[in-house]
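Residue strings, one per chain:
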Amino acid sequence: MEGKGKGNGVAAMAACYQRFDPAAYLQYNYTPPRADFSRKDSIVPWKLACLHRAFTEGDISGELLVDIGSGPTLYQVMSGCEVFSKVLLTDFLEVNRQELRRWVQNEGGCNLDWTPYLQHVCKLEGRGPSAWTEKAAKLRKVITDILPVDVHCSQPLTPDALPSAGADCLVSCFCLESVSPDLAAFTRALGHIRKLLRGGGHLMLIGALGESYYFGGPGVRIPVVPLNEAQVCASLTEAGYTLIRLEVYTLPQDMRVGVDDVTGIFFVKARKD
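In short, a report on the structure. Nothing here was measured: the structure is a model prediction, and the numbers come from that model. (Residues numbered from 1 in each chain as written. Predicted model: local features only at pLDDT ≥ 70, side-chain atom pairs only at ≥ 80, totals over all residues. Heavy atoms only, no water.)

A few words on the nonpolar core. The nonpolar side chains of soluble globular proteins are, as a tendency, buried together. Residues Tyr117, Leu190 and Ile193 are the most contacted members of the largest nonpolar core, which totals 88 residues. If one sorts the elements of this core by residue count, helix α3 (residues 43-55) sits on top with eight residues. Other than its neighbours up to four places away in sequence, Tyr117 contacts Tyr30, Ala35, Phe37, Val44, Leu48, Tyr75, Met78 and Leu112. (Core = buried A, V, L, I, M, F, W, Y, C linked by side-chain atoms within 4.5 Å. Buried < 20%, exposed > 50% of the residue type's maximum accessible area, 1.4 Å probe, protein only. Helix = DSSP H or I, 4+ residues; strand = E, 2+ residues; numbered from the N terminus. Contact = heavy atoms within 4.5 Å.)

In structure tokens form, the structure reads like this:
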């Protein structure tokens, strides 16, 4: 019966996502005040700074970066594309994969202009704002595919999606806690994606703290596993990772805009030993 219960919880989460609206989600979370590049205490600049620092410390190398549960967003690979020659984007939902393809293939019709993000990452890298066009071209070049993923499967990607040794690095942002019915499923999902990573490879994990729900569109209330720092650390250890660093951001009051009940965000850099 326990196995059936696990399956039911995961199936219920999958059903929640059938009404997910990428355009609304981007509007809620990736425009000001949450994406205000004039403020150091805005959510998005904090996340971009964490990723930039993690990818430029000199301990991460290789050829392949895989983004687990990309959603309709690209910011999470804008620093990594300077380190890795191949980037693989993944998501459970076809509507999100379509959104990503529109940008990668330069088709137009994207629901968010990623230019300010590209410019900000260029600034972090010590490059002028005009370098964003080079970064956009590089990102489009290194993204080799956009694939379905299911973190609740013991093999989250199709067997032929990765080299036999695995990916050199994984990044995953706001995915695992928002698609898992409970803490145990979150921990199992961490273990599942670990199988995609080569020995000695790194995981960059960004997620919500204290969040019990978020809106994935008008009236689309999606439950989230409310995590604290200790639970994140314990789940990583149980799933077989070595924690290198954990950083925490606490939301200022004006970032609490009614689209979720998140109180903070964590950034993790970890390694598979």
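Continuing now.
Turning our attention to the side chain of Asp67. Residue position: Asp67 is located in strand β1 (residues 64-67). This buried residue, Asp67, is left without a salt bridge; Lys47 holds the nearest opposite charge, at 11 Å. (Lys, Arg positive; Asp, Glu negative; His and termini not counted. Salt bridge = Lys/Arg side-chain N within 4 Å of Asp/Glu carboxyl O.)

Before going further, it helps to examine the state of the cysteines. What the rule picks out here adds up to zero disulfides. For Cys173, which is in no disulfide, the shortest distance to another cysteine sulfur is to Cys175 and amounts to 9.4 Å. Since its relative accessible area comes to 8%, Cys173 is described here as buried. Owing to a relative accessible area of 10%, Cys175 belongs among the buried residues under this scheme. (Disulfide = S-S within 2.5 Å.)

Right, let's talk about the packing of aromatic side chains for a bit. For the coordinates displayed, the defined rule picks out 11 aromatic pairs. Seen from their ring centres, Phe20 and Tyr25 are 5.3 Å apart, and the 45 degrees between their planes marks the pair as tilted. This pair shows no difference in class: Phe20 is buried, exactly as Tyr25 is. Relative to Phe215, the ring of Tyr213 has its centre 5.7 Å away and its plane inclined at 80 degrees; by these criteria the two rings are edge-to-face. The structure contains a cluster of three or more aromatic residues connected by ring pairs, namely Tyr17, Phe20, Tyr25, Tyr30, Phe37, Tyr75, Trp114, Tyr117 and Tyr214. Across from the ring centre of Trp103, 3.9 Å away, lies the NZ or CZ of Arg140, which sits over that ring. Above the face of the Tyr213 ring, Arg221 is positioned so that its terminal group lies 3.7 Å from the ring centre. (Phe/Tyr/Trp six-rings, centres within 6.5 Å; stacked < 30°, edge-to-face > 60°. Lys NZ or Arg CZ within 6 Å of the ring centre and 35° of its normal.)

The contact between helix α5 (residues 115-124) and helix α6 (residues 132-142) brings their axes to 9 Å, and the two run at 105 degrees. Overall, the two elements α5 and α6 adopt an arrangement that is roughly perpendicular. Between α5, through Thr115, Leu118, Gln119, Val121 and Cys122, and α6, the contact on the second element is made entirely by Trp132, Lys135 and Ala136. Among the residues forming the contact of α5 with α6, the class breakdown is five nonpolar, two polar and one charged. (Axes fitted to C-alpha atoms, helices over the stretch in contact; angles between N-to-C directions. Parallel < 35°, antiparallel > 145°, perpendicular 65-115°, else oblique. Nonpolar A, V, L, I, M, F, W, Y, C, P; charged D, E, K, R; others polar.)

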